[in-house]
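Breakdown of the fold
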Amino acid sequence: MADQIPLYPVRSAAAAAAAANRKRAAYYSAAGPGPGAERPSRYQLEDESAHLDEMPLMMSEEGFENDESDYHTLPRARVTQRKRGLEWFVCGGWKFLCTRIKEFHQTWCFLGLQKKQDLFSINAYVYAQKPQLDIHSFEGTFTREDSDPPIHESLSIENTLWAGTVVASGTVIGVVIYTGKETRSVMNTSNPKSKAGLLDLELNQLTKALFLALVALSVVMVTLQGFVGPWYRNLLRFLLLFSYIIPISLRVNLDMGKAAYGWMIMRDESIPGTVVRTSTIPEELGRLVYLLTDKTGTLTQNEMVFKRLHLGTVSYGPDTMDEIQNHVVDSYSQTHSQAGGNTTSSTPPRKAQSSAPKVRKSVSSRVHEAVKAVALCHNVTPVYESRAGAATDAEFAEVDQDFSDENRTYQASSPDEVALVQWTESVGLTLVNRDLTSMQLRTPSGQVLTYCLLQTFPFTSESKRMGVIVRDESTAEITFYMKGADTAMSTIVQYNDWLEEECGNMAREGLRTLVVAKKALTEEQYQDFESRYNQARLSLHDRALKVAAVVESLEREMELLCLTGVEDQLQAGVRPTLEMLRNAGIKIWMLTGDKLETATCIAKSSHLVSRTQDTHIFRPVTSRGEAHLELNAFRRKHDCALVISGDSLEVCLKYYEHEFMELACQCPAVVCCRCSPTQKARIVSLLRQHTGRRTCAIGDGGNDVSMIQAADCGIGIEGKEGRQASLAADFSITQFRHVGRLLVVHGRSSYKRSAALGQFVMHRGLIISTMQAVFSSVFYFASVPLYQGFLMVGYATVYTMFPVFSLVLDEDVRPDTAMLYPELYKDLTKGRSLSFKTFLVWVLISVYQGGILMYGALVLFESEFVHVVAISFTALILTELLMVALTVRTWHWLMVVAQFLSLGCYVASLAFLNEYFDVAFITTVTFVWKVSAITVVSCLPLYTLKFLRRKLSPPSYSKLTS
């Protein structure tokens, strides 16, 4: 297919490029003459072509001896016509630039092109890795055959754009390798499954038990008959007579109740914007034991704020940032005056400094060095939007861009980086321009400093640091800047006695720390490093190890400049919400794709891990033996939070799945970092499988969809990453703090109400079946119905439906009490509101009341059988209404209306049911006292038992409400 893909250049209008060049040059040189004013603009492509000599990149033949099953070759492209479409690895017609999702790496290489037109006649192909789930790796090669000698380029993760990536700035041309189901995003997405609530499964079990009881009762009746005559016909009759044991209306009542719960949740003003997207599992919110949450955008706002700069002897906080600004202004004003006084000198400043003896630097110079290092060591790119009403064509958009400070925004792989650059701008050193080869800073006086980017070493989870090598074009000084986690930088910087202590202090404050250091290089040192570095990058075998070894040769005895502290602002109410959920007995796991240090920091700052709690960081393991040793070490820890990376987790689950899950489930909190979407979903599935408890997953991005769909209950947050998680979830909320009320209040009430409703519907069927059984037994086990026609229809509908369904309005505690005492939630996870024990209690109540109603009516009836029907059925209706009143814990005005409405419907229907009732008899005092006596005998003992039980063994919630 690739030989059919047409090409077109990114920018074909040379006039547009030239106009953009003139505009940028005019803007950055507007501050007056400076070190960067004399530098030729990087946008003059006509002049740049002189430096792009053909550079054939040779590879050894063994580099291509890979397993053929792991690679597939894209067909060679031979295109000589200029058309529309996507094709080769070229940016701006010259260089190859790609952006990796969430990690902004820039990689460019020469393809041996002398002019842009050569792009459309090259003969080349890509040798690519077969599709796989891992989003952190890619291996392939690019080969161009029509050059002499052929050009070979190795391709890695730094040369890839996964589907869904957004190019922050500039334009890109690339070859499409993976499409459709082969893309990483699709391969990491699981198919949704239909979810069934635990309450529904429990009711199904009870319904099966009722069915067995129905069959058993029918067989007993036929047996007591003595199998006389066509006994199988009598068996079928008894099955039909006792069929009310099976609660057919249970599903209808529960579904209506679920719809009512969803309506109440969406109408709750305390959690505005909440949307219930499924009407099948609201009761699951009241049975949760594990809550698995994403970090970025869920617990945090994903907005970083610079909070602290520590130089070893002095620390600057938010209240003293103006002092830093004064130091920067003073330092650059002195530098500018010295540069003006030494314009006649031809000796570079670095030569004079190298011969001078080392003296202790002043605080001002140390602050200046620290701010400059932070402003240079990053991967941030300033972006300028086009003016309103300007042409939208990409070829002319750059001409119409507004390069003012108000129109500048920063793009980077991490919000930490943006926060640092924004801070340097606030203290006077502004990043105004950046491309692949240079960076420009503007000083407080308006002077533009230009630095040439010689090398960039991106951040990786293994190295835990990033660095740049820059050349100051005004002094020709070459400096290696590096920043990273304190664990990685402590062995790289020169000896000091304050770094470890201050890092601990900042971490306890919930700040994300970065150690910044530098090292000056001579031209000879850099040239030697560059030759070794380029040679290592051309290796196809163990390339990462060889490159890391070369870079580490520079990382020795670096000068420690400063320690920075950045706060990732938590969402409002995260700390009290997590505290509430922990008190409710819910264990919280944080699954994030972020690096280990960041995840640990957020876990502590959000109080997911309490300040007094120990944290066990699971060491990286790659083999079964290492995993065994580390699990044994972890087994000896008690009441300790676990922090583990995705790679180590994969190894542990491969060899010791059961042992690891057993240990992890004992932890009060677990943090899994560097997790892929598939790993998140797998962890949820393993929790459900190994514990049998209910799980809830909450996230805000597309990478959380698999986890949300795998959990028993999925909650999505509408955040900055879009609405994919929100639309795929069962419940959608706007802020994480709404989870507390959703679970503790609505989850609790939904479960309690559905449990009471389900058991009462079963009681309603059992009591009338008991009366039928007593009636048949008295009349020689005859298979004759006690109630016929409309009486049976009305019993399950207009006579009892409204009071029974009004139980969905019942609540045992007020919402504010449930929020104040989240410990009440623990009782729900034990499932005591609906169990075989409570079911047997309701069965005994039904048998007792059914027997009393039927025997009482038989004892008290006088001469006609129709009086038995009138007395027993009226007593049955009154008993049902009183039982609803007995069950209700908090009265609602609609409950009272339902009671009187049902009673009114029954009394009104007596006048029309002459077929079943003797109107003359039901208006007599005899009828009234007999019905009253039977009803009192059936209900009064239950009221007495309930009263005594509440006095002798009150439930937990009654202690709070009394």
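What counts, and at which threshold
- Residues numbered from 1 in each chain as written.
- Predicted model: local features only at pLDDT ≥ 70, side-chain atom pairs only at ≥ 80, totals over all residues.
- Heavy atoms only, no water.
- Axes fitted to C-alpha atoms, helices over the stretch in contact; angles between N-to-C directions.
- Helix = DSSP H or I, 4+ residues; strand = E, 2+ residues; numbered from the N terminus.
- Parallel < 35°, antiparallel > 145°, perpendicular 65-115°, else oblique.
- Left-handed = near helix turned anticlockwise from the far one by under 90°.
- Contact = heavy atoms within 4.5 Å.
- Pairing = 2+ DSSP bridges.
- Phe/Tyr/Trp six-rings, centres within 6.5 Å; stacked < 30°, edge-to-face > 60°.
- Buried < 20%, exposed > 50% of the residue type's maximum accessible area, 1.4 Å probe, protein only.
- Nonpolar A, V, L, I, M, F, W, Y, C, P; charged D, E, K, R; others polar.
- pLDDT = per-residue confidence, 0-100.
- Core = buried A, V, L, I, M, F, W, Y, C linked by side-chain atoms within 4.5 Å.

Per an unreviewed UniProt entry, the protein goes by the name Phospholipid-transporting ATPase IIB isoform X6 and belongs to Camelus bactrianus.

Packing of helix α9 (residues 363–376) against helix α11 (residues 415–426) leaves a shortest axis separation of 9 Å and a crossing angle of 135°. It follows from the interaxial angle that α9 and α11 lie oblique. The crossing of α9 and α11 is left-handed. Here V371, V374 and A375 of α9 come into contact with α11, specifically with L420, W423 and T424.

Take the sheet that holds strand β14 (residues 448–457) next. With antiparallel pairing, the 9 strands of this open sheet are ordered in space as β9-β8-β18-β17-β16-β15-β14-β13-β12. Only two strands of the sheet have a single neighbouring strand rather than two, namely β9 (315–316) and β12 (430–434). When β12 meets strand β13 (residues 438–442), the two strands line up antiparallel, connected through 4 bridges. Its bridge partner being in β13, R434 is matched across the sheet by M439. Of the strands in this sheet, β8 (300–310), β17 (512–521) and β18 (559–570) are in contact with helix α13 (residues 499–508), which crosses β18 at around 10°.

Each pair of aromatic rings is reported with the distance of its centres and the angle of its planes. The tally for this structure, following the rule as stated, stands at 23 aromatic pairs. The interplanar angle of 15° and the centroid separation of 4.1 Å between the aromatic rings of F306 and W423 together place this pair among those described as stacked. With F306 in strand β8 and W423 in helix α11, this residue pair connects regions lying 117 residues apart in the sequence. In this structure an aromatic cluster arises from ring pairing among Y787, F790, Y795, Y799, F873, Y906 and F917.

Bringing unusual backbone geometry into the picture now. The residue R674 is not glycine, and still its phi comes out positive at about 55°. On the secondary structure map, R674 appears in the loop between β22 (669–673) and α21 (677–691). We classify R674 as buried; its relative accessible area is 17%.

Let's shift gears to the packing of helix α14 (residues 523–537) against helix α15 (residues 543–552). Each pair of packed helices can be described by the angle between their axes along with the distance between the axes. Put simply, α14 and α15 touch, their axes get as near as 8 Å, and they point 170° apart. Looking at the two axes, α14 sits roughly antiparallel to α15. Along the contact surface, α14 presents F529, R532, Y533, A536 and R537, while α15 presents R543, K546, V547, V550 and V551. Its residues assigned to classes, the contact of α14 with α15 shows 6 nonpolar, no polar and 4 charged.

The next subject is the confidence of the model for the protein. Of all residues in the protein, 81% have pLDDT values of 70 or greater, and the mean over the chain is 80. Ignoring residues within four places in sequence, the model shows residues 342–359, a span with pLDDT below 50, making 6 contacts including any to other chains.

In terms of nonpolar packing, the biggest core is built from 75 residues, with I715, L742 and L743 touching the most fellow members. No other element matches the 11 residues that helix α24 (residues 738–778) contributes to this core. Beyond its immediate chain neighbours, meaning those up to four positions away, L742 contacts I265, I271, T274, L285, I715, F731, I733 and G747. Among the nonpolar cores identified, the runner-up in size contains 41 residues, and F306, V367, L449 and V470 belong to it.

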